[in-house]
Amino acid sequence: QVQLVESGGGLAQPGGSLRLSCAASGFTFSSYAMSWARQVPGKGLEWVSGIDSDGSATYYRDSVNGRFTISRDNAKNMVYLQMNSLKPEDTALYYCAKVASDHVEDDYDYWGQGTQVTVSS
């Protein structure tokens, strides 16, 4: 049974940092790309960042490129999102998502419950 459990969300000031973590289980973690996505109430799910199965390639949406860093530890079945220089527009519920293959551009087939990130002074 696939499980994805996010943690690390919270309240941060503009310009601050947070590190999100996602613990994965129930599948061969090192065989699949992983992504982070976010959702603001009333809006659709927005892809934020992706990483391929061995961590050699990472991808970001333009609005977070240079501020966020995705990484993974295949020995621990963990994926992370380091978020720096946070802005109020980064406020959202952040989801960890398993991609259906080892290609980041493919669809998600599982995602977690989400962790709330709020950026406010």
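Described in the following lines is the structure provided in the data block. (Residues numbered from 1 in each chain as written. Predicted model: local features only at pLDDT ≥ 70, side-chain atom pairs only at ≥ 80, totals over all residues. Heavy atoms only, no water.)

**A few points about the state of the cysteines**
Then comes step 1: Enumeration according to the criterion identifies 1 disulfide in this entry.
Then comes step 2: The partner cysteine of cysteine 22 in its disulfide is cysteine 96, sulfur to sulfur 2.1 Å. Looking down the S-S bond of the cysteine 22 and cysteine 96 bridge, the torsion is -75 degrees, so its handedness is left-handed. Linking cysteine 22 in strand β3 (residues 18-25) with cysteine 96 in strand β9 (residues 92-99), this pair joins segments that are 74 residues apart in sequence. Of the two residues, cysteine 22 and cysteine 96, neither departs from the other in class, the shared state being buried. (Disulfide = S-S within 2.5 Å. Helix = DSSP H or I, 4+ residues; strand = E, 2+ residues; numbered from the N terminus. Buried < 20%, exposed > 50% of the residue type's maximum accessible area, 1.4 Å probe, protein only.)

**With respect to the pattern of salt bridges**
Then comes step 1: For the structure on display, the rule yields 5 salt bridges.
Then comes step 2: Between glutamate 46 and arginine 61 there is a salt bridge whose closest N-O contact spans 3.6 Å. Pair noted here: glutamate 46 is in strand β5 (residues 46-51) and arginine 61 is in the loop between β6 (58-60) and β7 (68-73), with a separation of 15 residues, a long-range link.
Then comes step 3: Look at glutamate 46 and you get partly exposed, because its relative accessible area is 26%.
Then comes step 4: Looking at arginine 61, the relative accessible area reads 25%, which means it is partly exposed.
Then comes step 5: Between aspartate 90 and arginine 67 there is a salt bridge; the shortest N-O distance is 2.7 Å. Of the two residues, aspartate 90 sits in the loop between β8 (78-83) and β9 while arginine 67 sits in the loop between β6 and β7, which places them 23 residues apart along the sequence.
Then comes step 6: Residues joined by salt bridges that share partners form a network here, namely Arg38, Glu46, Arg61, Arg67 and Asp90. (Salt bridge = Lys/Arg side-chain N within 4 Å of Asp/Glu carboxyl O.)

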